[in-house]
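Here's the letter readout for the chains.
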Amino acid sequence: MVRLLRLVVAVLCAAGMLTLVLDRAGAAQRSAPGWWDPDGVGSGSDWHFRVPVTLPAASTVNSTAKVDIDFAALMTQLGISGTLDPNSIRVVRPGGTLATIQEYNDSIYAGASDSNASRGEVRWIIEDGGAQTYQVYFDVTANGTKAANPQTPINGNFEHSTAGTQLPAGWASAARLDANYDLQVRPGESVSVTSDGGPLNNPYTTDGSPRTGSYSYLLGSRSNNEVTAGLNATMLTRTFTVPASNPGNLVLNWRNEGWDSEGFDNLHITLTPAGGTETVLVGNSLGLYTTYPNSPNIGSDFVLDTAAGYGQYNGYDTTATGTHMNGMTVSPRSERWWSRTYSLAAFAGQTVTLAIGTDHVLSYRTWFHIDDIEWSVVTGTLGVAQGFGVAATSPAGSQPPGQTLVLRALVDAKPTAATNPVTAEIVNAAGTTVASGIKLFNDGTHGDVTANDAVWTNNGSDSANPTYTIPLNAGSSGPWTVRVQARGGSTSTLGAAYNGLVHRSGQPNALVMANWWNIDDASFMVDAAVISVAKTMTVVANGVESTNWKAIPGATLRYCVTIGNSGTASASTVIATDSLPAMLSYVPGSLLSGADCASAATAEDDNATGTDESDPVGVGYSAGTISVIRSSLPTGTSFAVTYRVTVN
């Protein structure tokens, strides 16, 4: 005889917002150091990829950091393909600013010349000592080409120069006594040279190739005969600061070419601290010709069959017939590179000037090549490549049923996919995707007032591109998910469906935050009242039996209706009705309310009007229907209403 109660519930969320602590470590969004962007997201060119480089603990300020990077291999890690933009390479300090002095040499890899356009050597002067992590940013041309790196290069290998440049970038000065002397950057070349003085092996086709890479620096008299005798006929200098601790070494590389000897034409390289005395590293005054030859030939006499000296091309210490006279082993006419490694310990913490010069006498052409000068080098350790990130910021907290969701995301770099570069999907608490492909905008008219910034939004104002409205009957004890994808212009190696997305090395392919750099998952709750109803009946008397009453005609029955809220939000209004069947008659004045069936003792009048109907429970009877109204029912609470009927 118990009838179910018909229940209507209206629910409003609690006014307070729920603050969620979300795990976004995998989203690569703006965190310290933030994703580097020199002019703001959406302006200019945005970078889409980077790789961390960790320096050893022994690295110190003013050291030279070096790392070889195969960018094609990094793209494989990221699951993308594309053409590396060599202009895009940037070294970013731990605090998020550009390294002041930095360079990328795409013609050198692993200390040797390299023609692979997708790899090279990155160097920079350290400004943050110790075991620091720098970031090397890079991009592919599909995301828009970048301007050339504006930072000053180290340029110890002259790769950041063009042929004919007298003063290379990064160097302090370049001067010569006469314009006929060579003092310039040169590419790899073979040149036929004819010298004055009538020497042996004349003319001679010389090797002008650099030691590594595409360029070296030429000093002396190759293009013309010597025109002005004197010291420092040509001079190239640069200034640098030696690290105060762990100063390391200075490494020099040079090549001697020509017909004259150390008695006349010389290369000299010196290192001088500010206000101090110069140290000769290469030069005639060292008296170390056989170890660090500073001229094409030894001695001050003309070469003979029985004596070494000037007059043959690159004879070193040999006679005209090739016999070594001073213990050297290098073959005559060899055009090898010589090297010296010199400890900088004596110059720790000082600013020094490196001077490279040549001296000439008026006959027998002599010239020198300089390449691959470096100091205080430390080698970095390459990490795993990363892609630009996205952070979903809305919806968050608590959302009520019936709410049209406002979607909002922050993107580290400008997404460059041709269509729908930023989209979202909604996943309910059961793990079911209830909306997908929701387009987000960056035009300043869909919930964000600034166009072309880092914020992508959709507030549901565009009927052609709706967001998602939570159904009225939705509620959850667990979180829902908003999942945002931000796509670049790169091509995925995992299939066209993944184009523009940047994969995490070693992860599965499912389109969730854990597997992709530019996908982010954020949680929000759908807060709703979950109303439960329990109804019990007790026979309190039947006029016949003294105990164990039965519900026979004339019997009095007591009903108790218990209404509770086990949901995550308060119910703002609870309305319940119960229509009595014809076999039952309501007992006037029997309506009571209370916390539960046993304690229901608050009398309720039979009408449905008056102030008592909302304080806090209003109960009434009219035309065979019991009606119950409660203005609010907090989560985790319940109440009871009892009334009596007689069996007809």
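Notes on the structure follow. Since this is a predicted model, take the numbers as computed values, not measurements. Counting of residues starts from 1 at the beginning of each chain's written sequence and follows it residue by residue. Only residues with pLDDT of at least 70 are given local features in this predicted model, and only at 80 or more are side-chain atom pairs given and counted; all residues enter the totals for whole chains, interfaces and linings. Hydrogens and water are ignored here; the side-chain numbers use all heavy atoms of the structure.

### Quick look at the overall build of the protein chain
Counted only if it meets this: A run of H or I in DSSP counts as a helix once it spans at least four residues, and a run of E counts as a strand once it spans at least two, with each numbered from the N terminus. Throughout this description, buried means an accessible area under 20% of the type-specific maximum (1.4 Å probe, protein chains only), exposed means over 50%, and partly exposed covers the range between. Accessible surface area values rest on a Shrake-Rupley calculation with a 1.4 Å probe, where residue burial reflects the displayed protein chains alone.
In terms of regular secondary structure, the protein chain is built from one helix and 44 strands. Expressed along its principal axes, the backbone C-alpha trace of the protein chain runs to roughly 150 × 45 × 40 Å. Each of the 648 residues in the protein chain was classed as buried or not, and the buried ones make up 49%. Entry remark: accessible area of the protein chain is about 25,900 Å², with carbon and sulfur atoms responsible for 52%.

### Here we look at the packing of aromatic side chains
This is how the line gets drawn: A pair of aromatic rings is counted whenever rings of Phe, Tyr or Trp (Trp by its six-membered ring) have centres within 6.5 Å, and the orientation is called stacked for planes under 30 degrees apart, edge-to-face for over 60 and tilted otherwise.
Summed over all chains, the structure comprises 25 aromatic pairs. Look at Phe-158 and Trp-171: their rings are 5.3 Å apart centre to centre, the planes differ by 15°, and that puts the pair in the stacked class. Of the two residues, Phe-158 sits in the loop between β10 (133-138) and β11 (173-176) while Trp-171 sits in the loop between β10 and β11, which places them 13 residues apart along the sequence. Among the residues examined, Trp-171 registers a relative accessible area of 6% and is labelled buried. Aromatic ring contacts, followed pair by pair, group Trp-35, Trp-36, Trp-47 and Tyr-137 into a single cluster.

### Considerations on the state of the cysteines
Heads up, the rule is: By convention in this document, the label disulfide applies to cysteine sulfur atom pairs within 2.5 Å.
Following the criterion strictly, the structure yields one disulfide and no others. With a sulfur-sulfur separation of 1.9 Å, Cys-560 is cross-linked through a disulfide to Cys-597. Because the torsion about its S-S bond is -95°, the bridge between Cys-560 and Cys-597 counts as left-handed. On the criterion of sequence distance, the pair formed by Cys-560 in strand β37 (residues 556-565) and Cys-597 in the loop between β40 (592-594) and β41 (602-603) is long-range, its members being 37 residues apart. Cys-560 gets classed as buried once you look at its relative accessible area, which sits at 2%.

### Quick word on unusual backbone geometry
Asn-202 connects to Pro-203 through a cis peptide bond whose omega is -5°. Along the polypeptide, Pro-203 turns up in the loop between β13 (190-193) and β14 (204-207). Positive phi values are uncommon outside glycine, yet Asn-62 reaches one of about 80°. With respect to the helices and strands, Asn-62 occurs in the loop between β2 (49-54) and β3 (64-70). Despite not being glycine, Arg-333 shows a phi value in the positive range, around 70°. Tracing the backbone through its elements, the reader meets Arg-333 in the loop between β19 (279-282) and β20 (338-343). Residue Arg-333 is classed as partly exposed on the basis of its relative accessible area of 24%.

### With respect to a nonpolar patch on the surface
Filter applied, for reference: Nonpolar side chains (Val, Leu, Ile, Met, Phe, Trp, Tyr) are joined into patches within 5 Å and like charges within 9 Å, using only residues with over 30% relative accessible area and no salt bridge. A carboxyl oxygen of Asp or Glu within 4 Å of a side-chain nitrogen of Lys or Arg is what we treat as a salt bridge.
A cluster of nonpolar side chains, namely Leu-200, Phe-302 and Leu-304, defines an oily patch on the protein surface of about 240 Å² accessible area. In this structure, Leu-304 sits in the loop between β19 and β20. With a relative accessible area of 46%, Leu-304 lands in the partly exposed category.

### What about the side chain of Asn-515?
Note the cut-off: As used in this structure description, the phrase polar contact means that two N or O atoms lie within 3.5 Å; if the pair is within protein, one of them must be able to donate a hydrogen and the other to accept it, and residues adjacent in sequence are counted only when both atoms belong to side chains.
Counting through the fold element by element, Asn-515 comes out in the loop between β34 (491-492) and β35 (519-526). Among the polar contacts listed, one links the side chain of Asn-515 to the side chain of Gln-507, at a separation of 3.3 Å.

### A short note on the sheet that holds strand β28 (residues 398-399)
Note on sheets: strands pair through backbone hydrogen bonds, and any given pair is parallel or antiparallel. Our working rule: One bridge is not enough; two strands pair if DSSP finds at least two bridges between them.
Sheet architecture is open: five strands sit in the order β28-β35-β33-β30-β31, paired in mixed fashion. Sheet topology places β28 and β31 (433-439) at the edges, where each strand pairs with a single neighbour. Sheet topology note: the strand β30 (residues 422-427)/β31 ladder contains four bridges and is antiparallel. Looking at the pairing, Val-427 lines up with Thr-433 of β31.

### Observations regarding helix α1 (residues 71-78)
The test is simple: The arc in question is traced by the directions running from the helix axis to the C-beta atoms.
Those residues of α1 not exposed but buried are Phe-71, Leu-74, Met-75 and Leu-78. Seen along its axis, α1 keeps its buried residues to an arc of 105°; they face one direction. The residue sitting at the N-terminus of α1 and contributing the capping side-chain oxygen is Asp-70; that oxygen lies 3.1 Å from the backbone nitrogen of Ala-72. Just downstream of α1, Gly-79 is the residue with a positive phi angle, here 70°.

### Regarding the sheet that holds strand β21 (residues 351-360)
Rules: For every element, the axis is a line fit to its C-alpha atoms; helices are fit only across the contacting stretch, and the angle between N-to-C directions ranges from 0 to 180 degrees.
Here we have five strands laid out as an open sheet, ordered β11-β16-β21-β18-β19, and antiparallel in their pairing. With one partner strand each, in any of the chains shown, β11 and β19 form the two edges of the open sheet. Averaged over neighbouring strand pairs, the angle between their axes works out to 20° when direction is ignored. As paired elements, β11 and strand β16 (residues 230-241) share four bridges and run antiparallel to each other. Its bridge partner being in β16, Ala-175 is matched across the sheet by Met-235.

### Side note on the nonpolar core
Formally: We define a nonpolar core as any set of buried Ala, Val, Leu, Ile, Met, Phe, Trp, Tyr and Cys residues linked to one another through side-chain atoms lying within 4.5 Å. Note on definitions: a residue-residue contact is assigned when non-hydrogen atoms from the two residues lie within 4.5 Å.
Counting 59 residues, the largest nonpolar core has Phe-71, Val-122, Trp-124, Val-136, Ile-426 and Val-482 as the members making the most contacts within it. The residues touching Val-122, leaving out its near neighbours within four places in the chain, are Ala-65, Lys-66, Val-67, Ile-69, Ile-89, Val-91, Glu-103, Tyr-104 and Val-136. Ile-154, Tyr-217, Phe-368 and Ile-373 belong to the second-largest nonpolar core, a separate cluster that totals 37 residues.

Any link to function would need more than the numbers given here.
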